[in-house]
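Fold and geometry: a report
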Amino acid sequence: MSKEINTIGVLTSGGDAPGMNAAIRAVVREAITKGRKVKGIKRGYAGLLDGDIEDMDLFSVSDIIGRGGTILQTARCLEFVEEEYQIKGANICKEHGIDGLVVIGGDGSFKGAQKLAAHGINTIGIPGTIDLDIACTEYTIGFDTAVNTAMEAIDKVRDTSTSHDRCSIIEVMGRGAGYIALWCAIANGAEDVLLPERYDYDEQILINHLIEGQKLGRHNHIIVNAEGIGHSASMAKRIEAATGVETRATILGHMQRGGSPTCKDRVYASTMGALAVDLLCEGKTNRVVGYRHGEFVDFDIDEALAMTKDLDEYQVELTRSLASTS
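To start, this report covers the structure provided alongside it. Residue indices follow the written sequence of each chain, beginning from 1 at its first position. Side-chain atom pairs in this predicted model are given and counted only at pLDDT of 80 or more, local residue features only at pLDDT of at least 70, and totals for whole chains, interfaces and linings cover all residues. Side-chain measures were taken over the full set of non-hydrogen atoms in the model, leaving aside hydrogen atoms and water.

Attention now goes to the side chain of serine 13. Looking at the element boundaries, serine 13 is found in the loop between β1 (7-12) and α1 (20-33). We classify serine 13 as buried; its relative accessible area is 6%. Within the local environment of serine 13, its side chain forms a polar contact with the side chain of serine 109, the two groups lying 3.1 Å apart. What makes two residues a contact is simply this: any of their non-hydrogen atoms within 4.5 Å. Among all residues touching serine 13, those that are not within four sequence positions of it are Met20, Tyr45, Thr74, Ala75, Ile104, Gly105 and Ser109. For helices the rule is a DSSP run of H or I covering at least 4 residues; for strands it is a run of E covering at least 2, with both sets numbered from the N terminus onward. Per-residue accessibility, obtained with a 1.4 Å probe over protein chains only, is compared with the maximum for each type, and a residue is labelled buried under 20%, exposed over 50%, and partly exposed between these values. Counting of polar contacts relies on pairs of N or O atoms within 3.5 Å, with two restrictions inside protein: one atom must be capable of donating a hydrogen and the other of accepting it, and residues adjacent in sequence are counted only when both atoms are side-chain atoms.

As structure tokens, then:
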């Protein structure tokens, strides 16, 4: 049942992602433009439970659109899976006059939003994760920046690998999802890519591919390894022992989460933030904003969480056909 929304809260939850600040800015300014008050909740659900909540105005979000990270900070809150803390969170929202809430984060964050909606707080989720692993949307805030950061780093590693006739295993983020690894493999022309969704742990294939490339006169060999597989350093030692080719591991790590967001992350995050406010003002709740088939859309959170997602098989095959050593 729809209700009048007077005060909108906004929080960022889970891992940070470049573009979150653009979304926060859009939420605040769109809400104020529509005559609503805005409160920022610090440190995600953990901050909500602590009552770490502050008023926000137009100047609260000045000059943040180009900054990485999140000005509201973020945290993971294991307690929030328990109903006792979900009820406490809803009651704290009500105490602060928050009757509509925008949650920027991933699937885990949406589950929290789902529970708050069940306890009377109108909630809208915005997909914010560099992993691109939210099934209901083709875009998540931060992926574009993260994959560009990784791409640039891999280009640099290839330069030094060529100078040393070296094999380089470069580990990128993504948790259990291989989207960053897949995109970098194509964008960087990697000779091999290891994807959690497809990898069978047969290192002999990598060894054979490296040896074949050496015979054909290649002076470098790039293996992009997804975080969900990991163990890049030990893998490098085994490959060097089997081939005699100097092999080094580079773990890009959290540098992929930081940095100034790309134009795409700024524009898409801003659009999603404004749309989330519009949906709340229309009296909607328990929804997730997404991007599909060239349009910004919204889904029921229950429906969104039930969806599944897999890598594009054509792109997976493309990494193999374009990486031919011949």
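Here the focus is the sheet that holds strand β9 (residues 247-251). Strands are labelled as partners when DSSP assigns at least two bridges between them. Ordered by their spatial adjacency, 4 strands build an open sheet running β7-β8-β6-β9, and the pairing between neighbours is parallel. A strand with exactly one partner marks an edge of an open sheet, and here the two such strands are β7 (192-194) and β9. Strand-to-strand twist of the sheet, defined as the mean angle between neighbouring strand axes without regard to direction, takes the value 20 degrees. Here 7 bridges tie strand β6 (residues 166-172) to strand β8 (residues 220-226), and the two strands are oriented parallel to one another. When the sheet's bridge partners are listed, arginine 166 is paired in β8 with asparagine 220. Running over the sheet, helix α8 (residues 232-243) touches β6, β7, β8 and β9 and is turned about 170 degrees from β9. Helix axes use the C-alpha atoms of the stretch in contact, all axes being lines fitted to C-alpha atoms, and the angles between their N-to-C directions lie in the range 0 to 180 degrees.

So, on to the pattern of salt bridges. Whenever Lys or Arg places a side-chain nitrogen within 4 Å of a carboxyl oxygen from Asp or Glu, that contact is recorded as a salt bridge. Scanning the model with the defined rule gives 18 salt bridges in all. Here aspartate 50 makes a salt bridge to arginine 43, at a shortest N to O gap of 3.2 Å. Classification of arginine 43 as partly exposed rests on a relative accessible area of 26%. The partner of glutamate 191 in a salt bridge is arginine 158, with the nearest N and O atoms 3.3 Å apart. A residue pair is termed long-range when its members are at least 10 positions apart, and glutamate 191 in the loop between α6 (179-187) and β7 and arginine 158 in helix α5 (residues 143-163) qualify at 33 residues. Pair check on accessibility: glutamate 191 and arginine 158 agree, each one buried. Three or more residues are tied together by salt bridges with common partners; here these are Arg166, Glu240, Glu246 and Arg248.

In this section: α6. Looking at α6, one finds that the buried residues are Tyr179, Ile180, Ala181, Leu182, Cys184 and Ala185. Packed against the buried residues of α6 are α5, β6, β7, β8 and α11 (313-322). Directly after α6, the chain includes glycine 189, whose backbone phi takes a positive value near 65 degrees.

Moving on, we come to the nonpolar core. By convention a nonpolar core is built from buried Ala, Val, Leu, Ile, Met, Phe, Trp, Tyr and Cys residues, the set being connected through side-chain atoms within 4.5 Å. Counting 59 residues, the largest nonpolar core has Val102, Ile104, Ile141, Ile180 and Val224 as its most contacted members. Excluding its chain neighbours within four sequence positions, the residues that come into contact with valine 224 are Ile154, Ile170, Val172, Ala181, Cys184, Ala185, Ala190, Asp192, Val193 and Leu194. Counting residues in each nonpolar core, the second largest holds 25 residues, with Ile41, Leu49, Phe110 and Phe299 among its members.

When the centres of two rings from Phe, Tyr and Trp lie within 6.5 Å, Trp using its six-membered ring, the rings pair. Their planes under 30 degrees apart give stacked, over 60 give edge-to-face, and anything left gives tilted. Scanning all chains against the criterion turns up 7 aromatic pairs. Taking 4.9 Å as the distance between ring centres and 65 degrees as the angle between the ring planes, the aromatic pair formed by tyrosine 139 and tyrosine 268 counts as edge-to-face. Highlighted residues: tyrosine 139 in the loop between β5 (122-127) and α5 and tyrosine 268 in helix α9 (residues 263-281), separated in sequence by 129 residues.

Between α1 and α9, the least distance of the axes is 7 Å, while the angle of their chain directions is 40 degrees. Here α1 and α9 pass one another in a crossing that is right-handed. Between α1, through Ala22, Ala23, Ala26, Val27, Glu30 and Ala31, and α9, the contact on the second element is made entirely by Arg266, Ala269, Ser270, Gly273, Ala274, Val277 and Asp278. Note on residue classes: Ala, Val, Leu, Ile, Met, Phe, Trp, Tyr, Cys and Pro are nonpolar, Asp, Glu, Lys and Arg are charged, and everything else, Gly too, is polar. Across the contact of α1 with α9, the residue classes break down as 8 nonpolar, 2 polar and 3 charged. In a left-handed crossing the near helix is turned counterclockwise from the far helix by less than a right angle, and in a right-handed crossing that turn is clockwise.

With that settled, consider the sheet that holds strand β4 (residues 100-105). Read across the open sheet, the 7 strands follow the order β3-β2-β1-β4-β5-β10-β11; overall the sheet is mixed. Across the chains shown, the open sheet's two edge strands, defined by having one partner strand only, are β3 (53-56) and β11 (295-300). Across the sheet, the axes of successive neighbouring strands diverge by a mean angle of 25 degrees, strand direction being ignored. With 2 bridges joining them, β5 and strand β10 (residues 287-292) adopt parallel strand pairing. Of the residues in β10, the one forming a bridge with isoleucine 124 is arginine 287.

We now examine unusual backbone geometry. Leave glycine aside and you will find that most residues have negative phi; peptide bonds, for their part, are mostly trans. Positive phi values are uncommon outside glycine, yet tyrosine 201 reaches one of about 65 degrees. Overall, the relative accessible area of 55% leaves tyrosine 201 in the exposed class. Even without a glycine there, the phi angle at asparagine 286 is positive, about 60 degrees. With respect to the helices and strands, the residue asparagine 286 is situated in the loop between α9 and β10.

As a further point, take the environment of leucine 275. By the element assignment, leucine 275 lies in helix α9. With 109 residues separating them along the chain, leucine 275 and arginine 166 place their C-alpha atoms 48 Å apart. Apart from residues lying up to four places away in sequence, leucine 275 is in contact with Val289, Phe296 and Val297.

We now examine α8. Quick reminder: α-helices carry 3.6 residues per turn. Residues three or four places apart thus point the same way. For α8, which comprises 12 residues, the first-to-last C-alpha distance of 16 Å matches the rise-based estimate of 16 Å (1.5 Å per residue) to within 8%. Among the residues making up α8, those that are buried are Ser232, Met235, Ala236, Ile239 and Thr243. Down the axis of α8, the buried set is contained in an arc of 100 degrees. They therefore lie on one face. Exposed and facing more than 90 degrees away from the buried side of α8 are Lys237 and Ala241. As for α8, its buried residues are in contact with β6, β7, α7 (203-215), β8 and β9. Phi turns positive one or two residues past the end of α8, at glycine 244, with a value near 80 degrees. Each residue after the first adds 1.5 Å to the expected span of a helix. What the arc covers is the set of directions going from the helix axis to the C-beta atoms.

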